[in-house]
Amino acid sequence: MLLPRDSFEQASGFDEGYFMNSEEIDLQRRLRAVGIPSIVVGSITLTHQGGGSSDPLRRRQWLVKSRERYAQNGDTRWP
């Protein structure tokens, strides 16, 4: 995700209440609410090199918890 810093700040940045999932979805919803659209460029790719991965059960728990938080924030529309 690339965006000007002033746009990021206008939407109040990332909600630090999220952990590992949904924070970018929440930010995109808030950017749209202040009139800043999302644009997808499908030709760009990224390859993650090195590092590792978390336990699949923990990843699922983080995902479910984040989506529950997103739904509780009053906007259940997934961008």
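Quick notes on the rules
Residues numbered from 1 in each chain as written. Predicted model: local features only at pLDDT ≥ 70, side-chain atom pairs only at ≥ 80, totals over all residues. Heavy atoms only, no water. Buried < 20%, exposed > 50% of the residue type's maximum accessible area, 1.4 Å probe, protein only. Helix = DSSP H or I, 4+ residues; strand = E, 2+ residues; numbered from the N terminus. Contact = heavy atoms within 4.5 Å. Salt bridge = Lys/Arg side-chain N within 4 Å of Asp/Glu carboxyl O. Expected span 1.5 Å × (residues − 1). Arc of directions from axis to C-beta. pLDDT = per-residue confidence, 0-100.

Asks: Tell me about helix H2 (residues 23–33), and name the residues and values.
Replies: Where H2 is concerned, the buried positions are Ile-25, Asp-26, Leu-27, Arg-29, Arg-30 and Leu-31. Tucked inside the fold, the buried residues of H2 contact helix H1 (5–10) and helix H3 (56–72). Where H2 ends, the next residue or the one after it, Gly-35, has phi of about 90°, a positive value.

Asks: Describe the pattern of salt bridges, with residues and values.
Replies: Under the definition given, this model contains 4 salt bridges. Between Arg-69 and Asp-15 there is a salt bridge, with the nearest N and O atoms lying 2.9 Å from each other. With a gap of 54 residues between them, Arg-69 in helix H3 and Asp-15 in the loop between H1 and H2 connect regions that are remote in the sequence. In this structure, the salt-bridge partner of Arg-29 is Asp-26, at a minimum N-O distance of 2.6 Å. Of this pair, Arg-29 and Asp-26 both sit in helix H2, 3 residues apart, which is roughly one turn of that helix. Asp-26 sits in the buried class, given a relative accessible area of 1%.

Asks: Mind laying out H3, listing which residues take part and the relevant values?
Replies: In this model H3 runs 24 Å from its N-terminal to its C-terminal C-alpha over 17 residues, within 8% of the 24 Å that 1.5 Å per residue would give. Every buried residue belonging to H3 is among Trp-62, Ser-66 and Tyr-70, and all of these are buried. An end-on view of H3 places all buried positions within 70° of arc, on one side of the element. Across H3 from its buried face, at more than 90 degrees, point the exposed residues Leu-57, Arg-60, Lys-65 and Gln-72. Buried residues along H3 sit in contact with H2.

Asks: Tell me about the environment of Tyr-18, and please be specific about residues and values.
Replies: As for its placement among the helices and strands, Tyr-18 is situated in the loop between H1 and H2. Residue classification places Tyr-18 among the buried positions, given a relative accessible area of 7%. Counting along the chain gives 52 residues from Tyr-18 to Tyr-70, while the straight-line C-alpha distance between them is 8.7 Å. Those residues within four positions of Tyr-18 in sequence are excluded, and the remaining contacts are Glu-23, Asp-26, Ser-66, Arg-69, Tyr-70 and Asn-73.

Asks: A description of the confidence of the model for the protein should follow, citing residues and the corresponding values.
Replies: Mean pLDDT over the protein works out to 86, with 92% of the residues at or above the 70 mark. Of all secondary-structure elements in the protein, the lowest mean pLDDT belongs to H3, at 89, while H1 reaches the highest, 95.

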